[in-house]
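Here is how the chains run, residue by residue.
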Amino acid sequence: FRRVLFRSIAKTGLFIGITVMVVAMLIAYISFYSYTIGTILKPYNLMWVLPAGSFVMVVFLVLVTGIYTSAGFLFTGKDLDRLFSYPIKQWQILFSKIFSMLVENWLVCLIFAGPSLGVYYYFENPPPIYFLNAILGILLIPLIPLTISIILSYIINLLSMGMRFKSFFNILFTVAIILGIGAG
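## A closer look at the layout of surface pockets
Turning to step 1, where the next piece is worked out: In this structure, the largest pocket occupies an estimated 330 Å³ of space.
Turning to step 2, where the next piece is worked out: The biggest single contributor to the lining of the largest pocket is helix H4 (residues 90-124), with seven residues.
Turning to step 3, where the next piece is worked out: Here the lining of the largest pocket is composed, by residue class, of nine nonpolar, four polar and one charged.
Turning to step 4, where the next piece is worked out: Approximately 200 Å³ is the volume attributed to the second largest pocket.

This is how it looks when you write it as structure tokens:
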């Protein structure tokens, strides 16, 4: 029993260690990229483009990943039958799933926009209210694309519900919407 428990703990520790290392490398890469762009934008007095660009990237990332993942997570998850059998209201289950998606998107926003906001602070030295604005931006920016992606995912599910190859059409509609967003 101890050997199995030790292997499980070792695998979990290895997974957490690799995840932390990948996230740290991603943050370092985004920081370097933001610093490089900041050195280019600073002489032209266009530093405001750096946080705006990072938030646009986060909005697009949340929208694309949300459209792709929210259908399976919210509407067709394997755990829904079991969750609905518990004495919990359905709206509470849905709220909890949406809130967990929101927390994940806050982390994504922090990882992708945080370094740009830090580089902006380094170059511009804004007043202390900047920190409040940055925190509010990180908390509020993912809300709109997540809401839009959940609605679009629901519509895609409705469109592909009666079709023979449901997952094929689901992916096809998702790609069409993503390409439409990218082209528009």
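## Things to note about the packing of aromatic side chains
The geometry of an aromatic ring pair comes down to the distance between the two centres and the angle between the two planes.
Turning to step 1, where the next piece is worked out: Under the definition given, this model contains 10 aromatic pairs.
Turning to step 2, where the next piece is worked out: Ring centres of Phe-99 and Trp-106 lie 6.1 Å apart, and the angle between their planes is 90°; on these two criteria the pair is classed as edge-to-face.
Turning to step 3, where the next piece is worked out: Classification of Phe-99 by relative accessible area gives partly exposed; the value is 40%.
Turning to step 4, where the next piece is worked out: Assessed through its relative accessible area of 24%, Trp-106 is described here as partly exposed.
Turning to step 5, where the next piece is worked out: Both rings, one in Tyr-121 and one in Tyr-130, keep their centres 6.0 Å apart while their planes meet at 20°; by these two values the pair is stacked.

Thresholds, definitions, all that
Residues numbered from 1 in each chain as written. Predicted model: local features only at pLDDT ≥ 70, side-chain atom pairs only at ≥ 80, totals over all residues. Heavy atoms only, no water. 1 Å grid on protein atoms, 1.4 Å probe; cavity = no way out; pocket = protein on both sides within 12 Å on 5 of 7 lines; lining within 4 Å. Points joined across faces, edges and corners; volume = space filled by probe spheres on them. Helix = DSSP H or I, 4+ residues; strand = E, 2+ residues; numbered from the N terminus. Nonpolar A, V, L, I, M, F, W, Y, C, P; charged D, E, K, R; others polar. Phe/Tyr/Trp six-rings, centres within 6.5 Å; stacked < 30°, edge-to-face > 60°. Buried < 20%, exposed > 50% of the residue type's maximum accessible area, 1.4 Å probe, protein only.

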